Structure formats: structure tokens, C-alpha cells
Amino acid sequence: MNEVGYVYDPLYLEHRSLGHPESPERLEAIMERLISSGLLEALVSVPPKDATSAHLEMVHSWELVAQIRAKADEGGGWLDPDTYVGSTSFAVALRAVGGCLAALEGTMTGQIKKAFCLIRPPGHHATPNKAMGFCMFNNVAITAKVALSEWGVNKVAIVDFDVHHGNGTQETFYSDPQVLFFSTHQYPFYPGTGYWAEIGEGEGRGTTINVPLPRGCRTQEYLRVYEEVCLPALYRFQPDLILVSAGFDAHFADPLANMLMSTRGYYQLASLLVRAAEELCGGRIIFALEGGYDLTALSWSVQACLEAMLGLPFTPDPLGESPAVPGPDIEVVLGAIKRTHGL
Ligand SMILES: [Zn+2]
């Protein structure tokens, strides 16, 4: 049985604003790469559905849902200076959430073990009450809620390696002990949240783990953080399902941020998360696309993640390794996080 699924739909290309970095070309580049490498044939196609308003309202206020629907109906506009809505964008966003829900269904019914959702718009900045940072609805947060409420899942771990902090996901689950939210991100940086002292509250105290990183972190620093903080946290939490907010804007070629991850680094990071899923939760892991704005880095990095999910060796990419420069000191911040979380 082929165990790795992917979600894609041409409707995902119908959300666009001329010159915006979060463009349909991102998904086109990924699909072209997966077709030309032959990797797509090794994957199971999982057709997306459309999420319902009830799904959206598991995370978002009905006011936000109504605002975005109305904006699309009136022909489009801007939700914040970064976040556009076109006339088809509401429909696209419903199918992006629904794509993740289809992957969840496939994973929970055993049709597939793992999935990569090639969706847009991204979701991790969308808070319960606000669309922002290119995001309308929080694809991953809604998927976690549906896993808990409809699929009998007890604990979900969300790992967010996008270079920006997943503020919307954090806010959704800040007091929820059933969801572990782990995020690495450039800091200080957009959207401003994600300091290491943000650890959750109430019953959820300790199930939010933030790793704010200085600019210039290379593959070495990233792998160190994931080995020393993320893996121990996952093994302690013992999730039944792992969701990944997979953004590739920490790549050294990315134009929007200042990190120095390599494509091979994403392969290694994905391998480590896949291994954790195998050992902790029957291999159940779903990656959902977030950011990543250099088309070459993005398409090759998604391919690298899929290679890791399929247990294949890494195919070297044209951009090569992280630049050979010294990395920043992450000792102090790692120490603070380990002490605070008892890791
Ligand atoms: Zn990002």
C-alpha cells in the first residue's frame, strides 16, 4: 500500500493579487517539480472537500467568517495591508481547509498514513477573530479541532517551522492541554509574538513551546533545536497525531526573511518529524503548506519533505547548502526554554 497522500486542487490557483508574494505560482512551481521528478506518481491523490461554516467556527468567530465572505461577494479587497481577498478567495479558503480535513480523514481511516497538503492561502497567522499575514482561515488549527472532536483523537501536536511565528495557532490553543504547539521562528520579526516566555495559560500552561531564534540560523542551528527541544517535547507529550505548519521561508534563498536553512535541512527536519510520528502515533503526520516565497527553494524543499515522508534519499537541489558563515549564538535562549519547560 502506498502510504503518503497529497492534496491539491486547481481552485487553489484562483486566489491572486498581482505582484503579491503569496502567489498561485508557488503551487504551480511545486506541482511542476513533483511531476518532472516523477515523485507525484509515488503519492496517493487525496481529493479535497469544502469545509463548512461549522468547521470554520470551531476556531473562528462567525463575524470573521461573515466579513471574509462579504468581502469576496463584493468583489474583493484587503483585510489588512498584507492580506487580500478576491471574488473567489472565500471559496478557495474553504477548499484549503477542506483539503486538510480530507487528509485528516484519509489518515484517520487508514487510507493513507501521511499527507502533504499543497494548499493556499496559508493559515497559521489567522487568529480566532482576525485574518492577517496572507492568511484567512487557520487550516491547521481547524484540522486539529476536527481531529479532537470528530475522530476521537486525544492529543494533537502542531509543529510550526515556518520562519514566522504561528500566532493564530498559538492563540487558538493557548489554554488547551490537548494540543501541543511548538514553533521555531525568526525573532523579533513579523508578527511580533512568540517569545520563549509565552508558554500557554491555565490548563494549557506548558503546552505552548516557542523557540524565538536570531536571524542567520543555519541548518545546524535548526536541527539542534529540533533534536534538543522539539523531539523531547513530542516524546513527553505523546501525541496521537502530528500536524505540521510547513513553511519554507527560513530557506537562505527566501526573500522575506533572514534565516539560512537549506533544502537538505528541510529533508533532515522532515525526516526527524516523520520518525517521531512513526514511533509515537502510528506514522500519522500531516504537513500543510504555509509560507515559502522563493519558487526554487520552495518547490525543491517540498519535494525534499516528500522524499523524507516516502523514506527516499535526498535529491540535491540546485541551490545547494547553507552559506558557509558562522551561526548566531542560540545557547542562552535554548537554555531558557529547556529550564522553563523542564526538557
Ligand atoms: Zn512565513
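Conventions we followed
- Residues numbered from 1 in each chain as written.
- Predicted model: local features only at pLDDT ≥ 70, side-chain atom pairs only at ≥ 80, totals over all residues.
- Helix = DSSP H or I, 4+ residues; strand = E, 2+ residues; numbered from the N terminus.
- Rg over C-alpha atoms; globule rule 2.2 N^0.38 Å.
- Buried ≥ 20, exposed ≤ 12 C-beta atoms within 10 Å, placed from the backbone.
- Contact = placed C-beta atoms within 7 Å.
- Expected span 1.5 Å × (residues − 1).
- Arc of directions from axis to C-beta.
- Axes fitted to C-alpha atoms, helices over the stretch in contact; angles between N-to-C directions.
- Parallel < 35°, antiparallel > 145°, perpendicular 65-115°, else oblique.
- Left-handed = near helix turned anticlockwise from the far one by under 90°.
- Nonpolar A, V, L, I, M, F, W, Y, C, P; charged D, E, K, R; others polar.
- Core = buried A, V, L, I, M, F, W, Y, C linked by C-beta atoms within 7 Å.
- Pairing = 2+ DSSP bridges.
- Right-handed = clockwise from strand over helix to strand, strands pointing away.

Asker: Describe the overall build of the protein, listing the residues and the values that go with them.
Answerer: The secondary structure content of the protein amounts to 10 helices and 10 strands. Compactness check: the protein gives a C-alpha radius of gyration of 18 Å against a globular reference of 20 Å for 343 residues, within 12% of the reference. Dimensions along the principal axes, computed over C-alpha positions, put the protein at roughly 50 × 50 × 40 Å. Here the protein, with 343 residues, has 56% of them falling under the buried criterion. Of the contacts formed within the protein by residues at least 6 apart in sequence, a portion of 76% connects residues at least 24 apart.

Asker: A description of helix α3 (residues 62–73) should follow, citing residues and the corresponding values.
Answerer: The end-to-end C-alpha distance of α3 is 16 Å, a good match for the 16 Å that 12 residues give at a rise of 1.5 Å each. Of all the positions in α3, only Leu64, Val65, Ile68, Lys71 and Ala72 are classed as buried. One face of α3 carries all of its buried residues, which in axial projection span an arc of 130°. Among the exposed residues of α3, those pointing more than 90 degrees away from its buried face are Trp62, Glu63, Ala66, Ala70 and Asp73. Two residues or fewer past α3, Gly75 is found with a positive phi of approximately 105°.

Asker: Pulling in residues and values, what's your account of the packing of helix α8 (residues 263–280) against helix α9 (residues 295–310)?
Answerer: Running from N to C, α8 and α9 cross one another at 30°; their axes reach a closest spacing of 8 Å. When the axes of α8 and α9 are compared, the pair comes out roughly parallel. The hand of the α8/α9 crossing is right-handed. Listed contacts from α9 to Thr263, Tyr266, Tyr267, Ala270, Ser271 and Val274 of α8 are Ala297, Trp300, Ser301, Ala304, Cys305, Glu307, Ala308 and Met309. The residue makeup of the contact of α8 with α9, split by class, is 10 nonpolar, 3 polar and 1 charged.

Asker: Before we move on, could you go through the nonpolar core and cite the residues and values that matter?
Answerer: One finds Cys117, Ile158, Ile242, Ile286, Ala288 and Cys305 to be the most contacted residues of the largest nonpolar core, which totals 114 residues. Tallying contributions element by element places helix α4 (residues 89–109) first for this core, with 11 residues.

Asker: Which residues make up the packing of helix α1 (residues 24–36) against α9, and what values go with them?
Answerer: Contact pair α1 / α9: the axes reach a minimum separation of 9 Å and the direction vectors enclose 50°. Here α1 lies oblique to α9, going by the angle between them. The hand of the α1/α9 crossing is right-handed. In contact with Glu25, Arg26, Ala29, Ile30, Arg33 and Leu34 of α1, α9 contributes Leu295, Leu298, Ser299, Trp300, Val302 and Gln303. Partitioning the contact of α1 with α9 into residue classes produces 7 nonpolar, 2 polar and 3 charged.

Asker: Give a description of α8 that names residues and reports values.
Answerer: When the terminal C-alpha atoms of α8 are compared, their 26 Å separation across 18 residues agrees well with the 26 Å that a helix rising 1.5 Å per residue should span. In this structure, the buried residues of α8 make contact with β6 (156–160), α7 (219–237), β9 (241–246), β10 (285–289) and α9. Just downstream of α8, Gly282 is the residue with a positive phi angle, here 60°.

Asker: Kindly report on the sheet that holds strand β7 (residues 179–186), identifying the contributing residues and their values.
Answerer: Taken in spatial order, the 8 strands line up as β2-β1-β5-β10-β9-β6-β7-β8 in an open sheet, and their pairing is parallel. Each edge of the open sheet carries a strand with a single partner, namely β2 (44–45) and β8 (208–213). The strands touched by α7 within the sheet are β6, β7 and β8, with β7 carrying the most contacts at an inclination of about 170°.

Asker: Give me the lowdown on the environment of Arg275, citing residues and values where you can.
Answerer: Along the polypeptide, Arg275 turns up in helix α8. When the C-alpha positions of Arg275 and Ala157 are compared, they lie 14 Å apart, and in sequence the two are 118 residues distant.

Asker: Go over the pairing of β10 with me, naming the residues and quoting the values.
Answerer: Of all 5 residues that make up β10, 5 are buried, and the element is covered over most of its length. Of the two faces of β10, the one lined by Ile285, Phe287 and Leu289 and the one lined by Ile286 and Ala288 are each fully buried. Bridging between β9 and β10 involves 5 bridges; their strand directions are parallel. In the strand pairing of β10, Val244 is matched with Phe287. Since β9 and β10 lie parallel, the crossover through α8 that links them has a hand, and here it is right-handed.

Asker: Give me the environment of Val333: which residues, what numbers.
Answerer: Turning to its location among the elements, Val333 is positioned in helix α10 (residues 331–341). For Val333, a count of 19 C-beta atoms within 10 Å corresponds to the partly exposed category. Counting along the chain gives 119 residues from Val333 to Pro214, while the straight-line C-alpha distance between them is 9.5 Å.

Asker: Account for unusual backbone geometry, naming residues and giving values.
Answerer: With omega at -5°, the peptide bond leading from Tyr187 into Pro188 counts as cis. Summarising the element assignment, Pro188 is placed in the loop between β7 and β8. Between Tyr190 and Pro191 the backbone carries a cis peptide bond, its omega angle lying at 5°. Note on placement: Pro191 falls in the loop between β7 and β8. At Phe134, a residue that is not glycine, the phi angle is positive and equals roughly 75°. One can find Phe134 in the loop between β5 (114–117) and α5 (139–150).

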